[in-house]
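Close look at the chain arrangement
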Amino acid sequence: MASKHWKRGAVAIALSAGIVHLLVVAQTPRSEPLLPLPDTVTDVEPAKVRLGEKLFADKRFSGDGTVSCQSCHLPHAGGADTRRHSVSAFGKVRELNSPTIYNIRYNTAGLNWTGRTKDLHAQITGSVGNADTMAHDWKKVIDILSADAPIAAEFKSAYGGDQPVSQANAMDAIVSFEKSLVTPSRFDDWLKGNDNAITAQEKLGYDKFKANGCVGCHNGINVGGNLFTKFSMVGDYFADRTAKGRGHMVELDKGKFAVTKKPEDMHIFRVASLRNVAITPPYFHDGAVDSLDEAILLMGRHQLGREIAAADRKDIEAFLKSLTGKQFEKK
Ligand code: HEC
Ligand code: HEC
């Protein structure tokens, strides 16, 4: 888990994909509200993924050369940030916690905490120019990359053509890299029919996750990422946060409303994906909660109107830990 390198699943290795497929079909998949991740990604090209990984870590994408995409989406922190609020180019702090980019291709309700961004291409176009992120200009970035002979050569071998170093290709490389980041877990093995893939406590925690109603919002292939709801539904999370000394309500706490200004969008957020949640603290869009136990407690209280007992939270936490990608679990 301490590795500073991105850990992706196998990318398009046809032979091993075939073997994995044979192993999987030997078991009977379960019928559950959560769906398993595939073991392999076959729709991206390794050369583009490798180039994208380099660009993702390239600080020349920011206006003052201080941050890369990776500064806020850390490979050793589950693709998220360990800081409550990330620091952008020119030292600007935005009052949001960086979400993970692992399994991002399966967040079908749009991107960012409010789902305001259509897809991965739109996300990159926006963040390079955004004063709150990279504060740079695509044209300048492309000029810099074109003048870097080794990088230009990598563009050429990945994309060919007369002008391989272009915004379209740089975006495609980063998107290819992002699409390669899938993290099948032991829980996926269980979903695919392997009874022994999770422990008795993890199974019990999953039953409690369903029985308490968490699964009503956190479901599908990313255990979230496919719906929008109000946060919070019961009581007032923001007033409680202020009372705990963790900050007054700010504009970004208004969720989708901050983007659309429509009254019905007040405090509407995308349901967070819970894949790798055990390794991506702090929690919520505001990064105001450090422990998973407290996040589970607050979800019960504010989304479901129930006080989940400590013993039940422990079991649910054990289940959530089984969603950590196998590549992060100690061998
Ligand atoms: C300064 C920190 C920072 C930098 C640098 C940064 N990001 Fe992010 N990223 C964030 C934050 C914060 C969000 C959530 C923004 C929101 O909800 O409005 C986010 C959201 C995302 C998302 C959507 C995640 C989701 O769950 O929907 C993707 C994909 C992403 N960033 C990729 C990138 C790429 C590619 C770059 C480089 C071009 C980049 N980020 C640079 C902080 C950063
Ligand atoms: C009514 C829908 C709803 C229900 C029910 C619900 N959640 Fe959530 N959950 C959300 C939303 C929306 C977010 C994102 C909130 C934010 O950060 O603004 C979230 C975020 C989370 C997070 C933090 C993820 C992160 O990366 O920051 C955890 C952990 C979590 N939920 C667990 C649970 C558990 C456990 C239950 C059951 C006790 C549950 N949720 C029930 C909607 C729901």
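These lines cover the structure that appears in this document, whether it is placed above or below. (Residues numbered from 1 in each chain as written. Chains lettered and ligands numbered in written order. Predicted model: local features only at pLDDT ≥ 70, side-chain atom pairs only at ≥ 80, totals over all residues. Heavy atoms only, no water.)

A look at the overall build of the chain
Note the threshold: Here a helix means four or more residues in a row that DSSP labels H or I, a strand means two or more in a row labelled E, and each is numbered from the N terminus. For a compact globule the rule gives 2.2 Å times the number of residues to the power 0.38, and the radius of gyration it is set against comes from C-alpha atoms. Burial classes follow relative accessibility: with a 1.4 Å probe on protein chains only, a residue under 20% of its type's maximum area counts as buried, one over 50% as exposed, and anything between as partly exposed. Any two residues whose heavy atoms approach within 4.5 Å are treated as being in contact. In short, Shrake-Rupley with a 1.4 Å probe defines the accessible areas, and a residue's cover is counted only from the protein chains shown. Charge counting follows a simple rule: Lys and Arg are positive, Asp and Glu are negative, and His as well as the terminal groups are ignored. Lysine's charge is taken at NZ, arginine's at CZ, aspartate's at CG and glutamate's at CD.
Broken down by element type, the chain carries 12 helices and 4 strands. Taken over C-alpha atoms, the radius of gyration comes to 20 Å for the chain, in line with the 20 Å a tight globule of 331 residues would show. With respect to the principal axes defined by its C-alpha atoms, the chain has extents near 60 × 55 × 35 Å. Burial status across the chain gives 49% buried among its 331 residues. Contacts spanning at least 24 positions in sequence make up 69% of the contacts within the chain whose residues lie at least 6 apart. Total accessible area computed for the chain in this model is approximately 15,000 Å², and 58% of it derives from carbon and sulfur atoms. The average position of the 43 basic charges and that of the 38 acidic charges among the side chains of the chain differ by 1 Å.

Let's talk about the coordination of the iron atom of ligand 2
Threshold: Sites may look incomplete, because water is not among the atoms used; the donor set itself consists of N, O and S atoms within 2.8 Å of the metal (3.2 Å for Na, K and Ca). Any coordination sphere not matching a tetrahedral pattern (four donors, all angles between 85 and 135 degrees) or a square planar or octahedral pattern (four or six donors, opposite donors over 155 degrees apart, other angles between 65 and 115) is reported as irregular.
Donor atoms from the polypeptide that bind the iron atom of ligand 2 are His218 (NE2) and Met299 (SD), placed at 2.1 to 2.3 Å. For the iron atom of ligand 2, the 6 donor atoms are set out with angles of 86 to 180 degrees between them, so the coordination reads as octahedral. Of the two residues, His218 sits in the loop between helix 8 (200-211) and strand 3 (228-230) while Met299 sits in helix 11 (residues 292-303), which places them 81 residues apart along the sequence. Judged by relative accessible area, His218 falls into the buried class, the value being 10%.

Observations concerning the site of ligand 1
Rules: One heavy atom suffices: a residue is near a molecule or strand as soon as one of its heavy atoms comes within 4 Å of it. Here a polar contact is recorded for every N or O atom pair within 3.5 Å, except that within protein the pair must consist of a potential hydrogen donor and a potential acceptor, and residues adjacent in sequence are included only if both atoms are side-chain atoms. Three classes are used, and their members are as follows: Ala, Val, Leu, Ile, Met, Phe, Trp, Tyr, Cys and Pro are nonpolar, Asp, Glu, Lys and Arg are charged, and the others, Gly among them, are polar.
By nearness alone, 29 residues border ligand 1, and Cys69, Cys72, His73, Arg116 and Arg270 come closest of all. Residue Arg270 places a side-chain N or O atom 2.6 Å away from an oxygen atom belonging to ligand 1. Where the shell around ligand 1 is concerned, the elements lending two or more residues are helix 3 (120-129) and helix 6 (167-180). Counting residues per element, the shell around ligand 1 draws most heavily on helix 3, at 4 residues. Considering only residue class, the shell around ligand 1 consists of 14 nonpolar, 11 polar and 4 charged.

No statement about biological role is implied by the geometric values presented.
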